[in-house]
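# Survey of secondary and tertiary structure
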Amino acid sequence: MTETSGLQFVSPYAFEAMQKVDVMRLAALSDPELRLLLPCLVRMALCAPADQSNAWAQDKKLILRLLSGVEAVNSIVALLSVDFHALEQDARKEQQLRHKAGGSNGESILVSQLQHGLTLEFEHSDPLRRLRLSLSELLAIMNKVADSNGEFFLKTSELFESPVYLEEVADVLCILQAELPSLLPIVDVAEALLHVRNGDWFLCLLVANVPDSFNEVCRSLIKNGERQDEESVGGRRRTEALRQLCQMNPSQALNIRAMVMEECHLPGLGVALTLDYKPDSTDEAVSPLVSYVSGLLLGTNGKVRTWFSMFIRNGQQRKRESSSVLWQMRRQLLLELVAILPRSRSTHVPNDSELGSEMESTSGYSGLREEHVVKASALLRLYCALMGIAGLRPTDEEAEQLLQLMTSRPPATAAGVRFVSLSFCKLLAFPTLVSTPEQEQLMVMWLSWMIKEEEYFESAAGVSASFGEMLLLVAMYFHSNQLSAIIELVCSTLGMKIAIKPSSLNKMKTIFTHEIFTEQVVTAHAVRVAVTNNLSANIAGFLPIHCIYQLLKSRAFTKHKVSIKDWIFRQLCETSTPLHTQLLPLIDVYINSILTPASKANPEATNQPITEQEILSVFQGRLGLPLTDDGKVHSQYSITTQLLILYYILSYEEALLANTKALALMQKKPKSYSAILMDQIPIKYLIHQAQGLQQELGGLHSALLRLLATNYPHLCMVEDWICEEEVTGTLPLLRKMLLTEPACKYSKVELHKSFQDVVQSGHRLMRILEHLTLLSAGDLIPYAEALTASISLLLEEGVSRRVLQTVNKLWMVLNTVMPRRLWVMTVNALRPCLKLLRQQFYTQNDLLVDPLIVLRCDSRVFRCPPLMDITLHMLNGYLLASKAYLNAHLKETTEFDRQTQTVSNLGLTGQPDTQEVTREELKNALLAAQDSAAVQILLEVCLPSFQEEQQLSAGGSDCLLKSVQTISRHSVREQGRAISLWGTQDSQKPEAGSFGARGERQAEGGLLSDLREVQCLICCLLHQMFIADPNIAKLVHFQGYPQGLLPLTVAGIPSMHICLDFIPELLAQPQLEKQIFAIQLLSHLCTQYALPKSLSVARLAISMMGTLLTVLTRDKRFLFFMPTLPCLVSFCRAFPPLYDDVASLLVQVGQVCAADVATKARDIDPFITRLQYFKEKTKEALGSDVKLSKMDLPKRFTEFGRADPDIQLCYCIEATFMDIISYNVQLL
């Protein structure tokens, strides 16, 4: 809108006076300035005010006095004297008429036929006609705007173009809008004024006379504006109008700029407002233009970034114009760049007098000033964003000055380090800035300066991340041809995503690899770089660890025979939380470089592992346990270092096993860390500490748990985790409340002395133990040895149960932090006392090889439930540990032995694979034998001892029946009947009755005895073992165990139902004792689990018994049916549909036995008669007879029992019949 260049606009001073209604300021305005505000001032003076205060009355008088000397006031007063209501009615009629006519300029109600031009008519007209002329013209423009569908047009109008009448037209326009606001909304009027010449001037006057509409008008203009304003005439006119409005009200310029960003319209306006913005306090760091454009391109709003990038790209397609906002922005940025550039660094001065004056002002200084470093960094990032994101193509002037700035040498400060890093990355991102040999030589000199000065910069600036590490890292990437990694490095340093073609880095690659950094120089220099002190995630930037990681990954150290082990160990020792993200990848790639050679041609080209002595030194505080005055353990290394070393050891061992095949092919066997070393590392304690630092350790805790579950499954038992959850719950709070005294109130010596006299002075020991329960797991570690060394003293008679339970609790707490060491000490402490023989002290390796050592303890442990709980916990752990140990041992030795055999067999095929299969089978057989042996020993522990059997005999049968009822009523009936049947046969007496007596009867009486509690603990462990591996349950039951334990195992082990799957297979075994055991087991399972599957297996068992009846000899028949016939009672009780099958089987057995007896002299016809009677009679008629016959049965057994096996079997059949009938009678 250059047509308004000669017009006077409302000044910011005048607008502020109008906005605040500051009469004193208005009075100070000049006549030309006051003339622009007359419409509003006249209306204020004439209209009745809403403010009736005295202050406003005085101000109003001052306004009248101010207007009294202005001649133009009379014409405005005349305009206000017309009938605006009638004028509005005519205007609306004209609008309706134009709407019907389709917008054509036909007959007008407001204006009759014009005799002369519009300008002459306006000059000769009275005020009302002037209003009508202006209103008609304005409504015509507004209607055309509404019908244009967004297409811009420029309306030619004499009324708005004549310079003579502009002020009068502006007065009419302001009065019309003020008096007819519903007909002429100010936002619609503002939109219409953009389509006429001098529209921005009219708009400013209109808004100045209605100052409270400023934001409304600006928002409407921006919302209706174009997305790219410089591409169209309408966009440029709209931008210029808004720019004039903001110059009139500069305090709202930043708010209008925010509206531009919010709507993503008129990007040129945002830049123009920033160029016009003059802050009250100048900030020397970063200019408003740099901040604004950087925020647009580097902000998080992708929509804004795309919108402004399109503005830059489209602006470059047009020729360079001084009026273009884009070129104004580029010019200003170049001025700012030149202003901070040292005079001696510039080799080209732009052909601009202003630029030249800026250059002269910086002459005489050869380095980048410290106060300019931050601004220079901001300018570099901005130009990177403009070129990389917005696609700006720099001119020769811009490229030259940018290169001079990038290769300048800043002071040694943290900001200087940042500037050098940005400059280096910009060179990599935009290598086209270096186009001539002179510029290339300048860049090489600057890079050489970087290498020389990086140590000084790091020490002087006091930062851990210097640009030297970035140089090394880029050199390594160039040597390994990892151009994508360089691009990622550049983007992360610059803080923006830039599309960089890998081919554009070829020139830089040649310079780096041939002139500056050869690979040997890189590796030699990297080792000498100091480690980062207290390395953590809080230290940003590129560190030595990044360089070492890339060199390890590319195998540069092994290739050039440079030892890196010491550097890595020192860096691991200099770590803290939060954990740096590069530490775990560094350890992984270091382990890979230890085990895998750089090339097959040189298998010895590997790095050295960390020595055991160095590892021990890290854990010295944990291992030697040096106590301070407060009894706590201290170490010179942080918990982060210890966890990283633990991760290194576990990962190394896992990688060693995973690479055994490849190592065997190379005939190379790296040394594994010794078991002695692993025993001295407090693995569980470290994991316990890491659990509370999960947020700060990143992925280290989860990685350690994965390695632990693979290599040390006995440290990942579910019950241990549950116990730890209980320990880490509300107990710490309770500890703080109760533990008011120092933690080391009692020493280890006092604890040991209290154990020596535990029976007589149990209260003293109990007081110490109760105090120890308030300590945390870590604070309990010093007491572990004293506690376990005296644990065998608790096996003496008279020890309080409370003491035992407290010791068990303390042991479980210690188990959360030091399980392996605690287990070894406990196993050695519970060994049986053999005074004549020298006792052997077991080691961790002994227990891994033979877990059953745990059960070779003092026999009194088997009747001490708290200590038995500890023993079972250790047994379960060592069984799991033994599996992992054997698996690792097999994997470690198989490949090397197979390679050796391959060489010795001279090409014979098949043997190595056969041996490998045999090894695996032998290992599985050994593990199965261990598990089954442990189960058999534990089942044997459940049996009562001789003394417990004596107590049973003294208790009587009534006490037995009463106690055994707590287990199973059905089992009681069977056992009572069996004892009655075999009462006189000691050799044939089953052990189930003995278990019942010992399990529930003690000297002091009661249901819960030590034996019963031990049985419960054992059943819980067996249930876990059976669930973990059902094959163990199958193996144990194929081996068999005492029949008297069946009621216990079936009722106490919930997973016993899995036996139903293999009982048919057990019944098919040729051994008679296995078949008997299967039927006895099935009888208890049917009672416990009356399932359809149990019914089908029971039918199979009855059918098999009938088949065996026909094939067994007389002696075997007796051995088989005597223990199995009572099981038929359980079948019938569980499944009544089996009555007929069972009755038929009993009659068949009776007939066979009767036939054998009939060949002898003894007459047993009464028995045969009664047997037939039982089968034919109904159950209702047998109640009294059954009772009489059962009372007479023991006498008959005594009489005939020793005479003939068939006779005994006959009476056993009769007893079975009576049990079945009596049970049904009881149900009735």
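Residues numbered from 1 in each chain as written. Predicted model: local features only at pLDDT ≥ 70, side-chain atom pairs only at ≥ 80, totals over all residues. Heavy atoms only, no water.

Glancing now at the overall build of the protein. Across its full length, the protein holds 67 helices and zero strands. For the protein, buried positions account for 53% of its 1228 residues. Across the protein, contacts joining residues at least 24 apart in sequence account for 74% of those joining residues at least 6 apart. About 55,300 Å² of surface is accessible on the protein, with carbon and sulfur atoms providing 53% of the total. (Helix = DSSP H or I, 4+ residues; strand = E, 2+ residues; numbered from the N terminus. Buried < 20%, exposed > 50% of the residue type's maximum accessible area, 1.4 Å probe, protein only. Contact = heavy atoms within 4.5 Å. Areas by Shrake-Rupley, 256 points an atom, 1.4 Å probe, with all protein chains shown as cover.)

On to the confidence of the model for the protein. When the pLDDT values of the protein are averaged, the result is 79; 80% of them are 70 or greater. For the stretch residues 344-365, pLDDT sits under 50, and the model shows 42 contacts to residues farther than four places along the chain or on other chains. (pLDDT = per-residue confidence, 0-100.)

For the structure on display, the rule yields 31 salt bridges. Here Lys155 makes a salt bridge to Glu137, at a shortest N to O gap of 3.5 Å. Separated by 18 residues along the polypeptide, Lys155 in the loop between α9 (127-147) and α10 (158-161) and Glu137 in helix α9 bring together distant segments of the chain. A relative accessible area of 14% places Glu137 in the buried class. One continuous salt-bridge network, built from bridges that share partners, spans Glu16, Lys20, Asp22 and Arg25. (Salt bridge = Lys/Arg side-chain N within 4 Å of Asp/Glu carboxyl O.)

All right, on to the packing of aromatic side chains then. Two aromatic rings, taken as a pair, are described by how far apart their centres are and by the angle between their planes. All chains considered together, the criterion is met by 13 aromatic pairs. Where Phe308 meets Phe311, the ring centres are 5.4 Å apart and the plane angle is 40°; that geometry is what we call tilted. On the criterion of helical spacing, the pair formed by Phe308 and Phe311 is a turn pair, its members being three residues apart in helix α19 (residues 302-317). Centre to centre, the rings of Tyr590 and Tyr648 are 6.0 Å apart; their planes meet at 25°, and the pair counts as stacked. Taken as a pair, Tyr590 in helix α33 (residues 583-595) and Tyr648 in helix α36 (residues 639-658) lie far apart in primary sequence, 58 residues in all. As far as the burial class goes, Tyr590 and Tyr648 line up, both buried. An aromatic cluster is present here, built from Tyr590, Tyr648, Tyr652 and Tyr673 joined pairwise through their rings. Lying over the aromatic face of Phe153, Lys144 brings its terminal NZ or CZ to 4.7 Å of the ring centre. Taking NZ or CZ as reference, Arg831 lies 4.1 Å from the ring centre of Phe841, over its face. (Phe/Tyr/Trp six-rings, centres within 6.5 Å; stacked < 30°, edge-to-face > 60°. Lys NZ or Arg CZ within 6 Å of the ring centre and 35° of its normal.)

Once that is clear, we can look at helix α32 (residues 565-573). Here α32 lies mainly inside the structure; seven of its nine residues are buried. Of the residues making up α32, those classed as buried are Lys565, Trp567, Ile568, Phe569, Gln571, Leu572 and Cys573. Buried residues belonging to α32 abut α29 (519-528), α30 (544-553), α33, α34 (612-618) and α36.

Here the focus is a nonpolar patch on the surface. On the surface, a nonpolar cluster with roughly 230 Å² of combined accessible area is contributed by Phe152, Leu154 and Val233. Take Leu154: it is sitting in the loop between α9 and α10. Residue classification places Leu154 among the partly exposed positions, given a relative accessible area of 36%. (Patch = residues over 30% accessible without salt bridge, like charges linked within 9 Å, V, L, I, M, F, W, Y side chains within 5 Å.)

Our next topic: helix α64 (residues 1139-1158). Over its 20 residues, α64 runs 28 Å from end to end, which matches the ideal 28 Å to within 8%, given 1.5 Å per residue. Where α64 is concerned, the buried positions are Tyr1139, Val1142, Ala1143, Leu1145, Leu1146, Val1147, Val1149, Gly1150, Cys1153, Ala1154 and Val1157. (Expected span 1.5 Å × (residues − 1).)

What follows deals with the packing of α64 against helix α67 (residues 1205-1227). The contact between α64 and α67 brings their axes to 9 Å, and the two run at 155°. With respect to α67, the element α64 is oriented roughly antiparallel. Of the two elements, α64 crosses α67, and the hand of that crossing is left-handed. When α64 is examined against α67, the residues Tyr1139, Val1142, Ala1143, Leu1146, Val1147, Val1149, Gly1150, Cys1153, Ala1154, Asp1156 and Val1157 are found in contact with a partner set consisting of Asp1206, Ile1207, Leu1209, Cys1210, Ile1213, Thr1216, Phe1217, Ile1220, Tyr1223 and Asn1224. (Axes fitted to C-alpha atoms, helices over the stretch in contact; angles between N-to-C directions. Parallel < 35°, antiparallel > 145°, perpendicular 65-115°, else oblique. Left-handed = near helix turned anticlockwise from the far one by under 90°.)

What follows concerns the side chain of Asn808. Tracing the sequence through the fold places Asn808 in helix α48 (residues 801-815). For Asn808, the side chain forms a polar contact with the main-chain oxygen of Pro866, separated by 2.8 Å. The residues touching Asn808, leaving out its near neighbours within four places in the chain, are Pro866, Asp869 and Ile870. (Polar contact = N/O pair within 3.5 Å; in protein donor to acceptor, adjacent residues only side chain to side chain.)

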